[in-house]
Amino acid sequence: MPGPAVPLELERSIARVAVVGETAPETEARRLAEDARDRVRFEEEALELADQVYRVARRLVSSREEAEDLMQETYARAFRSWKSFQPGTNLRAWLLRILTNLNIDRGRRVQRAPDMQPLEEGDYFLYNKLEESTQAPNPDEERVIERLSQDDAVTALSAVPHDFRDVIVLVDLGDFSYNDAAQILDIPVGTVMSRLHRGRRILKRELAERAVSDGGASE
Amino acid sequence: MSGFAVDPCDKCEEVLQPFLDRELNEEERALAEEHLSLCDYCRKRYRFEEELRRFVRQAATEEMPPELKSKLAELRTPLL
């Protein structure tokens, strides 16, 4: 990827380092200059990912204000501990790992074993419910999905218990692999898969309740 | 049809998520595809699931407020 646009600020920094270098060993001056360059590059790359990180963060918490606070805390911490990021690994996942840990540290979430009792509803449940409420016989799936509103989708997602919602948000909204989601949430990959499977079914149940109770978005 | 020992539509419902996530092995996938090629009932529900994922993703996407990006940029470490 192209280097970040930092010339003036960085040049000034290196110039200052060069002054230091007149009295300190030359290698130390070079090290400081390289550090400054690497840090600036890291910060630029992290900022470029902020939009994507925010989209995930916004659905991990319940309000925009919380998401904004969490983003600022995350970036403050990331900028402080930039040296612990391993170049070549997934920076977006690294930032979300920090964000998830901060979210837990702030006591917004209580870690507990999620309810894994069998669900009555299968994966066809939502379609069947929506189809029942559609007037046309044997409707196309496009007609069926029109029974849902975007507001209902957001509300339904927020009604999914957080252990399941986190995985849906990371995998389905954030496009993270199961492995990345497992590392971000510090849970085994198998747990990511089982929570995702169950979480999507809970989401469909929540969507069905809303769509049926409000008569569908198209009416 | 051969393959599924239980009701084929029930089995097809069971593997909907791993099918769309491309988590099925070759044999399981071939069985599901064979059933889907014959069954309009399941095919509609699979297509709906794909649409639903897109729909939820689009509905849940909220863009970052521009002023937040400025605040984040201000958190950068000052140079020497």
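Residues numbered from 1 in each chain as written. Chains lettered and ligands numbered in written order. Predicted model: local features only at pLDDT ≥ 70, side-chain atom pairs only at ≥ 80, totals over all residues. Heavy atoms only, no water.

A. Just the interface of chain B and chain A, in detail. Counting from both sides, the interface comprises 42 residues of chain B and, opposite them, 58 residues of chain A. Across the interface of chain B and chain A, roughly 4,700 Å² is buried in total on both sides, 57% from carbon and sulfur atoms. Taken together, the connections running from chain B to chain A amount to twelve salt bridges. Here Arg 76 of chain B and Glu 43 of chain A are joined by a salt bridge, their closest N and O atoms 3.2 Å apart. (Contact = heavy atoms within 4.5 Å. Buried area = accessible area lost by both parts, 1.4 Å probe. Salt bridge = Lys/Arg side-chain N within 4 Å of Asp/Glu carboxyl O.)

B. Molecular detail of the packing of helix α3 (residues 26–38) of chain B against helix α4 (residues 40–60) of chain B. Residues and elements named next belong to chain B. Their axes nearest at 6 Å, the elements α3 and α4 cross at an angle of 110 degrees. Classed by the angle they form, the pair α3 and α4 counts as roughly perpendicular. Across the interface between the two elements, His 35, Leu 36, Ser 37 and Leu 38 of α3 pack against Asp 40, Cys 42, Arg 43 and Tyr 46 of α4. Residue composition of the contact of α3 with α4, by class: four nonpolar, two polar and two charged. (Axes fitted to C-alpha atoms, helices over the stretch in contact; angles between N-to-C directions. Helix = DSSP H or I, 4+ residues; strand = E, 2+ residues; numbered from the N terminus. Parallel < 35°, antiparallel > 145°, perpendicular 65-115°, else oblique. Nonpolar A, V, L, I, M, F, W, Y, C, P; charged D, E, K, R; others polar.)

C. Quick peek at helix α8 (residues 150–159) of chain A. Within the sequence span of α8 of chain A, burial applies to Asp 152, Ala 153, Ala 156 and Leu 157 of chain A. When α8 of chain A is viewed along its axis, its buried side chains cluster within an angular range of 130 degrees and face the same direction. (Buried < 20%, exposed > 50% of the residue type's maximum accessible area, 1.4 Å probe, protein only. Arc of directions from axis to C-beta.)

D. Molecular detail of the pattern of salt bridges. All told, the structure shown has 29 salt bridges over all chains when counted by the stated rule. A salt bridge links Arg 30 of chain A to Glu 26 of chain A, with the shortest nitrogen-to-oxygen separation between them at 3.9 Å. Separated by four residues within a single helix, Arg 30 of chain A and Glu 26 of chain A lie in helix α2 (residues 26–48), roughly one turn from each other. Using a relative accessible area of 44% as the deciding quantity, one classes Arg 30 of chain A as partly exposed. With relative accessibility at 60%, the residue Glu 26 of chain A sits in the exposed group. Between Arg 58 of chain A and Glu 62 of chain B there is a salt bridge, with the nearest N and O atoms lying 3.1 Å from each other. Placement of the pair is Arg 58 of chain A in helix α3 (residues 50–60) and Glu 62 of chain B in the loop between α4 and α5 (66–74), with the two residues belonging to separate chains. Overall, the relative accessible area of 17% leaves Glu 62 of chain B in the buried class. A single salt-bridge network, built from bridges that share partners, covers Asp 123, Asp 172, Arg 200, Arg 201 and Lys 204 of chain A together with Glu 14, Asp 21, Glu 49 and Arg 53 of chain B.

E. Focus on the packing of aromatic side chains. Within the structure shown, the criterion is met by eight aromatic pairs over all chains. Centroid distance Phe 85 of chain A to Trp 94 of chain A: 5.4 Å. Interplanar angle 65 degrees. Geometry classified as edge-to-face. Accessibility classification places Phe 85 of chain A together with Trp 94 of chain A in one group, the buried group. Seen in terms of ring centroids, Tyr 124 of chain A and Tyr 41 of chain B are 5.9 Å apart; in terms of plane orientation they differ by 75 degrees. Their pairing is edge-to-face. Placement of Tyr 124 of chain A in the loop between α5 (91–105) and α6 (125–133) and of Tyr 41 of chain B in helix α4 is noted, with the two residues assigned to different chains. The ring of Phe 19 of chain B carries the charged tip of Arg 29 of chain B above its face, separated from the ring centre by 4.1 Å. (Phe/Tyr/Trp six-rings, centres within 6.5 Å; stacked < 30°, edge-to-face > 60°. Lys NZ or Arg CZ within 6 Å of the ring centre and 35° of its normal.)

F. Geometry of the environment of Pro 65 of chain B. Inspection of the secondary structure assignment puts Pro 65 of chain B in the loop between α4 and α5. Residues Pro 65 of chain B and Phe 48 of chain B, spaced 17 residues apart in sequence, show a C-alpha to C-alpha distance of 32 Å.

G. How the structure looks around the side chain of Arg 58 of chain A. Taking relative accessible area as the criterion, Arg 58 of chain A reaches 10% and is therefore assigned buried. Once residues within four sequence positions are removed from consideration, Arg 58 of chain A is found in contact with Ser 63, Arg 64 and Ala 67 of chain A together with Glu 62 of chain B.

H. Just the nonpolar core, in detail. Counting 67 residues, the largest nonpolar core has Met 71, Tyr 75, Leu 95, Leu 96, Leu 148 and Leu 207 of chain A as its most contacted members. Residues within four places of Leu 95 of chain A in sequence aside, it is in contact with Ala 46, Leu 49, Val 53, Thr 74, Tyr 75 and Ala 78 of chain A. Formed by twelve residues, the second largest nonpolar core is a distinct cluster that contains Leu 20, Ala 32, Cys 39 and Cys 42 of chain B. (Core = buried A, V, L, I, M, F, W, Y, C linked by side-chain atoms within 4.5 Å.)

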